[in-house]
Amino acid sequence: MATWDLSETKHHLLICNGSSCNKAGAEELTQAVRKEISDRELDDIIHTTRTKCNGRCQDKCVLIAYPKGVWYKDLNPEDAPQLIESLMMNAEFNNKISHCFDGDGFKRQADVPVGDFKDRERVKKVSKLL
Ligand code: FES
């Protein structure tokens, strides 16, 4: 357990550890990202959180960077150095972006699958609403 001081944090990475991403190597990705951050002594600047499913399983492994609002797809442990470098250079790791927030909404990249329409019954089932 921890209660970190976030006052120096500039980037928050949500690393999907849902079942689809885990089957595709999310644990190894999580370890590689955290090691890269630690090796560069960026722990105060970049905060990471493991999450459950983020609802974009087809894009596994998924990682979301805030506050920029960039969703990454198809990540593997070898991507960790370039991902962290791009954050520090205030650039995007372009070839692995699935969606970007443009101030109005999340815009999907052209080569990324649209995904399923969120009809109420399906959302209830997937979300396990009571
Ligand atoms: S398990 Fe990662 S998006 Fe669903």
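See the structure shown above.
One structure accompanies this document, and this report is about it. (Residues numbered from 1 in each chain as written. Predicted model: local features only at pLDDT ≥ 70, side-chain atom pairs only at ≥ 80, totals over all residues.)

1. Concerning the overall build of the protein
Stage number 1. Along the backbone of the protein there are four helices and six strands.
Stage number 2. If you list the helices and strands of the protein from N to C, you get β-α-α-β-β-β-α-β-β-α.
Stage number 3. Expressed along its principal axes, the backbone C-alpha trace of the protein runs to roughly 45 × 35 × 30 Å.
Stage number 4. In the protein, which comprises 130 residues, the proportion classed as buried is 25%.
Stage number 5. Expressed as a percentage of contacts within the protein between residues at least 6 apart in sequence, the contacts between residues at least 24 apart total 63%. (Helix = DSSP H or I, 4+ residues; strand = E, 2+ residues; numbered from the N terminus. Buried ≥ 20, exposed ≤ 12 C-beta atoms within 10 Å, placed from the backbone. Contact = placed C-beta atoms within 7 Å.)

2. Some details on the sheet that holds strand S2 (residues 46-51)
Within a sheet, each strand pairs with its neighbour through backbone hydrogen bonds, oriented either parallel or antiparallel.
Stage number 1. The sheet built from six strands is open, its strands ordered S2-S1-S3-S4-S5-S6 with mixed pairing. With one partner strand each, in any of the chains shown, S2 and strand S6 (106-108) form the two edges of the open sheet. Within the sheet, the average angular offset between the axes of one strand and its neighbour, ignoring direction, is 20 degrees.
Stage number 2. The pairing of strand S3 (residues 63-66) with strand S4 (residues 70-72) spans three bridges and is antiparallel. (Pairing = 2+ DSSP bridges. Axes fitted to C-alpha atoms, helices over the stretch in contact; angles between N-to-C directions.)

3. Details of the packing of helix H2 (residues 26-39) against helix H3 (residues 80-88)
Stage number 1. Running from amino to carboxyl end, H2 crosses H3 at an angle of 50 degrees, the nearest separation of the two axes being 9 Å. Taken as axis vectors, H2 and H3 run oblique relative to one another. Every pair of crossing elements has a handedness; the one defined by H2 and H3 is right-handed. Contacts between H2 and H3 involve Ala-32, Val-33, Glu-36 and Ile-37 from the first element and Ala-80, Pro-81, Leu-83 and Ile-84 from the second.
Stage number 2. In the contact of H2 with H3, the residues fall into seven nonpolar, no polar and one charged. (Parallel < 35°, antiparallel > 145°, perpendicular 65-115°, else oblique. Left-handed = near helix turned anticlockwise from the far one by under 90°. Nonpolar A, V, L, I, M, F, W, Y, C, P; charged D, E, K, R; others polar.)

4. Points about the pairing of S3
Stage number 1. Note: strand S1 (residues 11-16) against S3, four bridges, orientation antiparallel. Looking at S3, one finds that Leu-14 is bridged to Ile-64.

5. Comments concerning H3
Stage number 1. When H3 is considered as a whole, its buried residues turn out to be Ala-80, Leu-83, Ile-84 and Leu-87. Down the axis of H3, the buried set is contained in an arc of 90 degrees. They therefore lie on one face.
Stage number 2. Where H3 is buried, its residues contact S1, H2, S2 and S3.
Stage number 3. Positive backbone phi, approximately 55 degrees, marks Asn-90, located one or two places after H3. (Arc of directions from axis to C-beta.)

6. Observations concerning the pairing of strand S5 (residues 97-101)
Stage number 1. By the bridge criterion, three bridges tie S4 to S5 in an arrangement that is antiparallel. Note on S5: the bridge partner recorded for Tyr-72 is Ile-97.
Stage number 2. With three bridges connecting them, S5 and S6 associate as antiparallel partners. Looking across to S6, one finds that Phe-101 is bridged to Phe-106.

7. Considering the nonpolar core
Nonpolar side chains in soluble globular proteins tend to be buried together.
Stage number 1. Ile-15, Cys-16, Leu-29, Val-33, Cys-61, Val-62 and Leu-63 are the most contacted members of the largest nonpolar core, which has 23 residues in total.
Stage number 2. Counting only elements with at least two residues in this core, the list comes to S1, H2, S3, S4 and H3.
Stage number 3. In terms of residue count, the dominant contributor to this core is H2 (five residues).
Stage number 4. Those residues in contact with Val-62 that sit more than four places away from it in its chain are Cys-16, Cys-21, Asn-54, Arg-56, Trp-71, Tyr-72 and Lys-73. (Core = buried A, V, L, I, M, F, W, Y, C linked by C-beta atoms within 7 Å.)

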